[in-house]
Each structure stands twice: as structure tokens, then as C-alpha cells.
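Below are the chains, spelled out letter by letter.
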Amino acid sequence: MSNAEAAGALAAAATYVIKPPVHRMLAKLDLAPDPDPVAHDVRTVAFLEALDLDPVEVLGADTVAQASAWSPDTSWVPFRDRLRSASLRPIGSQSRMITT
């Protein structure tokens with residue numbers, strides 16, 4: 001294994017370990033939506049169906065039923081959209097009049 005491959009493997013492992021706590025911290029700060037455990041199952045069911053496998057055999061009937069009934073949370077507004085709606089005044093070059 002070369003140094004580049006080892007660095008890539010270490011980066012992937014670190015990301016796998018660090019991502020869930022960072023996501024929970026950002027959700028507490030209201031910068032990201034709350035983690036949704038059913039959303040993971042929805043992606044898993046879709047992946048298994050794409051492989052022509054029966055998701056009920058792999059995940060169980062309850063999990064597949066929850067994934068089928070799941071709908072995404074649309075109440076959370078991204079932070080960048082909250083900033084745009086809070087600022088009604090044009091900024092920078094948008095406030096200058098273009099004259100020709």
C-alpha cells in the first residue's frame with residue numbers, strides 16, 4: 001500500500017467516524033436538519049431493490065414498511081435561505097443602477 005492509498009483510507013475512516021457527531025452538533029446549532037434514521041433505511045431499500053434483492057428478507061418487514069411510508073421533512077429551511085429572506089435590501093452591485 002502506498003502512502004497516498006494509506007492517506008486516502010485514513011481520510012475515509014476518519015470521515016466515517018467523525019461525520020455523525022458533527023452532523024448532530026450542526027443540527028443543535030440549527031445549521032443542518034436533524035438526523036433522520038428512516039432516511040438511511042429508505043436509501044438502503046432503494047439500493048437493495050436496484051440489486052434485484054428482496055429488502056424484506058434483508059431488513060425485515062417493519063423497516064421496509066417504515067421506509068415506504070417515509071416522507072422527507074420539509075419544515076427545515078437551510079441557513080442560506082433564512083439569510084436571504086431576512087435581508088430584503090439589495091447588496092453590492094445589485095443596488096447600483098445600470099445606466100447606458
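Residues numbered from 1 in each chain as written. Predicted model: local features only at pLDDT ≥ 70, side-chain atom pairs only at ≥ 80, totals over all residues. Heavy atoms only, no water.

Trainee: An account of the overall build of the protein chain is needed here, citing residue identities and associated values.
Mentor: On a plain count of helices and strands, the protein chain comes out with 5 helices and 0 strands. Counting from the amino terminus, helix and strand elements in the protein chain follow one another as α-α-α-α-α. For the protein chain, buried positions account for 11% of its 100 residues. Taking as baseline every contact in the protein chain between residues at least 6 positions apart, the subset at least 24 positions apart corresponds to 40%. (Helix = DSSP H or I, 4+ residues; strand = E, 2+ residues; numbered from the N terminus. Buried < 20%, exposed > 50% of the residue type's maximum accessible area, 1.4 Å probe, protein only. Contact = heavy atoms within 4.5 Å.)

Trainee: How would you explain the side chain of D41 if you had to name every residue and give the values?
Mentor: With respect to the element layout, D41 can be found in helix α2 (residues 37–50). We note that D41 is buried and unpaired, the nearest opposite charge coming from R43 at a distance of 8.4 Å. Beyond its immediate chain neighbours, meaning those up to four positions away, D41 contacts T63 and A67. (Lys, Arg positive; Asp, Glu negative; His and termini not counted. Salt bridge = Lys/Arg side-chain N within 4 Å of Asp/Glu carboxyl O.)

Trainee: Run through the environment of S71, naming residues and quoting values.
Mentor: In this structure, S71 sits in the loop between α4 (61–69) and α5 (79–86). S71 sits in the exposed class, given a relative accessible area of 53%. Remark: the alpha-carbon pair of S71 and A39, spanning 32 residues in sequence, is separated by 8.6 Å.

Trainee: Summarise the environment of V38; cite the residues concerned and give the values.
Mentor: Counting through the fold element by element, V38 comes out in helix α2. In the structure, V38 is positioned 33 residues away from S71 in sequence and 9.3 Å away in space, judged by C-alpha atoms. Those residues in contact with V38, other than ones at most four positions away along the chain, are Q66, A67 and W70.

Trainee: Describe in detail the packing of α2 against α4, supporting the description with residues and values.
Mentor: Packing of α2 against α4 brings their axes to within 9 Å, and their N-to-C directions diverge by 100 degrees. Considering their axes alone, α2 and α4 lie roughly perpendicular with respect to each other. In this structure, α2 uses V38, D41, V42 and V45 to contact α4, whose residues at the interface are T63, V64, Q66 and A67. Taken together, the residues of the contact of α2 with α4 sort by class into 5 nonpolar, 2 polar and 1 charged. (Axes fitted to C-alpha atoms, helices over the stretch in contact; angles between N-to-C directions. Parallel < 35°, antiparallel > 145°, perpendicular 65-115°, else oblique. Nonpolar A, V, L, I, M, F, W, Y, C, P; charged D, E, K, R; others polar.)

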